[in-house]
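An overview of the molecular structure
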Amino acid sequence: MSDLTPQSETPTPTTDKITQAARETIYLCNFRVSVDGEWLCLRELNDISLTPDPEPDPIAIERLNLMNMAKLSIKGLIESALNLGRTLDSDYAPLQQFFVVMEHCLKHGLKTKKTFLGQNKSFWGALELVEKLTPEAGEITASVKDLPGLKTPLGRGRAWLRLALMQKKLSDYMKTIINRKDLLSEFYEPNALMMEEEGAVIAGLLVGLNVIDANLCMKGEDLDSQVILDGQITAILDQKNYVEELNRHLSASVNNLQAKVDALEKSNTKLTEELAVANNRIITLQEDVERVKEESSYQLESRKALRSDSAPNGQALGETRKQLKEETLLRLDVEKELEVQIGMKQEMELSMKMLEKDICEKQDALVELRAQLDDMRVINQQLSHKSQCADASSKQKSEAITRLEEKINQMTGTVKQMETSEKHLVKQARNLNSAAGKLLQLQQ
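Definitions and cut-offs
- Residues numbered from 1 in each chain as written.
- Predicted model: local features only at pLDDT ≥ 70, side-chain atom pairs only at ≥ 80, totals over all residues.
- Heavy atoms only, no water.
- Helix = DSSP H or I, 4+ residues; strand = E, 2+ residues; numbered from the N terminus.
- Buried < 20%, exposed > 50% of the residue type's maximum accessible area, 1.4 Å probe, protein only.
- Areas by Shrake-Rupley, 256 points an atom, 1.4 Å probe, with all protein chains shown as cover.
- pLDDT = per-residue confidence, 0-100.
- Contact = heavy atoms within 4.5 Å.
- Salt bridge = Lys/Arg side-chain N within 4 Å of Asp/Glu carboxyl O.
- Phe/Tyr/Trp six-rings, centres within 6.5 Å; stacked < 30°, edge-to-face > 60°.
- Lys NZ or Arg CZ within 6 Å of the ring centre and 35° of its normal.
- Core = buried A, V, L, I, M, F, W, Y, C linked by side-chain atoms within 4.5 Å.
- Arc of directions from axis to C-beta.

**Regarding the overall build of the protein chain**
- When helices and strands are tallied, the protein chain shows 12 helices and 5 strands.
- Counting every position in the protein chain, which comprises 444 residues, the buried fraction comes to 31%.
- Approximately 28500 Å² of the protein chain is accessible, and the part contributed by carbon and sulfur atoms is 52%.

**Some details on the confidence of the model for the protein chain**
- Per-residue pLDDT for the protein chain has a mean of 79; in total, 78% of the residues score no lower than 70.
- The low-confidence segment residues 17-29, where pLDDT is below 50, has 23 contacts with residues more than four positions distant or belonging to other chains.

**Topic: the pattern of salt bridges**
- For the structure shown, the criterion picks out 11 salt bridges.
- Between Glu-337 and Arg-281 there is a salt bridge; the shortest N-O distance is 2.5 Å. In this pair, Glu-337 sits in helix α12 (residues 314-443) while Arg-281 sits in helix α11 (residues 231-308), placing the two residues 56 residues apart along the sequence.
- Its relative accessible area of 32% is what places Glu-337 among the partly exposed residues.
- For Arg-281, a relative accessible area of 35% gives the class partly exposed.
- One salt-bridge network, in which partners are shared between bridges, spans Glu-103, Lys-107 and Arg-158.

**Examining the side chain of Gln-341**
- Counting through the fold element by element, Gln-341 comes out in helix α12.
- Judged by its relative accessible area of 15%, Gln-341 is buried.
- Apart from residues no more than four positions distant in its own chain, Gln-341 is found in contact with Arg-281, Ile-282 and Leu-285.

**Here we look at the packing of aromatic side chains**
- On inspection of all chains with the given rule, the structure shows 2 aromatic pairs.
- For the pair Phe-98 and Phe-99, a centre-to-centre distance of 5.5 Å together with 55° between the ring planes defines the contact as tilted. The residues Phe-98 and Phe-99 share a single accessibility class, namely buried.
- Between Trp-160 and Tyr-173, the ring centres sit 5.9 Å apart and the planes meet at 45°, which makes this aromatic pair tilted. Of this pair, Trp-160 sits in helix α7 (residues 153-166) while Tyr-173 sits in helix α8 (residues 170-178), and the two are 13 residues apart along the sequence.
- Note on Tyr-173: relative accessible area 2%, which makes it buried.
- The ring of Phe-99 carries Arg-162 above its face, with NZ or CZ at 4.2 Å from the centroid.

**Observations concerning the nonpolar core**
- Within the largest apolar cluster, 55 residues are counted, with the highest numbers of intra-cluster contacts made by Leu-95, Phe-98, Trp-160, Met-174, Tyr-188 and Leu-209.
- Among the nonpolar cores identified, the runner-up in size contains 7 residues, and Leu-250, Val-254, Leu-369 and Leu-373 belong to it.

**Some remarks on helix α6 (residues 138-146)**
- Every buried residue belonging to α6 is among Gly-138, Ile-140, Thr-141 and Val-144, and all of these are buried. Summarising the axial view, the buried residues of α6 lie within an arc of 160°, below the 170-degree limit, and thus occupy one face. Turned more than 90 degrees away from the buried face of α6 sit Glu-139 and Asp-146, all of them exposed.
- Lining the buried residues of α6 we find α4 (124-127), α5 (129-133), α7 and α8.

Structural data, given as structure tokens:
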């Protein structure tokens, strides 16, 4: 009868072993929990990169910065021009800034050509290609060459940009030369902005400038050595553009972090539901274990009663033994499943704790980024205010210069009148002297 008694000392997988195995690496949903010394690390599987990040190309960074500056300049010019609601002239500050940015874009990656006067580095040669590729552009090139006072290729290139903008053909002409990189390679290095994708992007952005009207008078302007913007205004605008670009990157980072926090919250909710299901399953298994224990106790009592009976029934005893063996095996299976469920519950609790910790860290980072974003917005407003003050100061200085010129003109007219009066008085004095001499002669 001893073979029918349950073996309570049979080795089975324990909760400690399951927990120890779970501490090494847990793959749950789309996250990995791994051990790093005394720390548990939770990382998203998609964020794990097996290859190191390549070193950034400084020339590519220059192209990207120039493209971003062109985007900001074109966008600001269009918005300010539409708000202004009138034809733009040469003194309009956003328009001057746009020409500065375009000049830097066209100068990026230019090849240096040697001449008898020394080394020359100008984008005028590349702009002259438009006349060969688009015959209607010959009018602009001829007008530039006929302008008096232009002595350098830089001045001719600046004049060409202004005429193309007034004709609303700047985007078309830029696309024409960018599409012929075989010809541009004579003037630009292979990694120059005009030879890469950023040049095509800028050419596409220039289409938006067709909605504005400009009337630029270039006669009398020194385009050869002209300083487009005052140094203080240039510094303020550069700072403003940098802050706006940094503001955009911070906004993108905040949005990415917010998306990750939302994904973690969804995963947390899913894990909570799975944990509740596992708890219910554990409770059910515990009830099954209790029921099996009660049935086993009842079978043992029945077996003892059968042993004490003087006339046992052999067939009934065999059936009882068989049933007791099945119940014992069922109990062992239920205990094993219970241990597995307990191990899974502990794994899920550990993952839940790690997810909650990661969510808290992401929320703290999100709060810090939002604070930085608010600070950047305040700085942006301050720089905008400084820019407006600088523009106002420049206008006041221009008005003062205009008033001084008017006063100088008035004083010049007054001086001329006084000189005329002086000549008239001298003439009268001579006449009087002559008359006096005649009178003296008559008296003698």
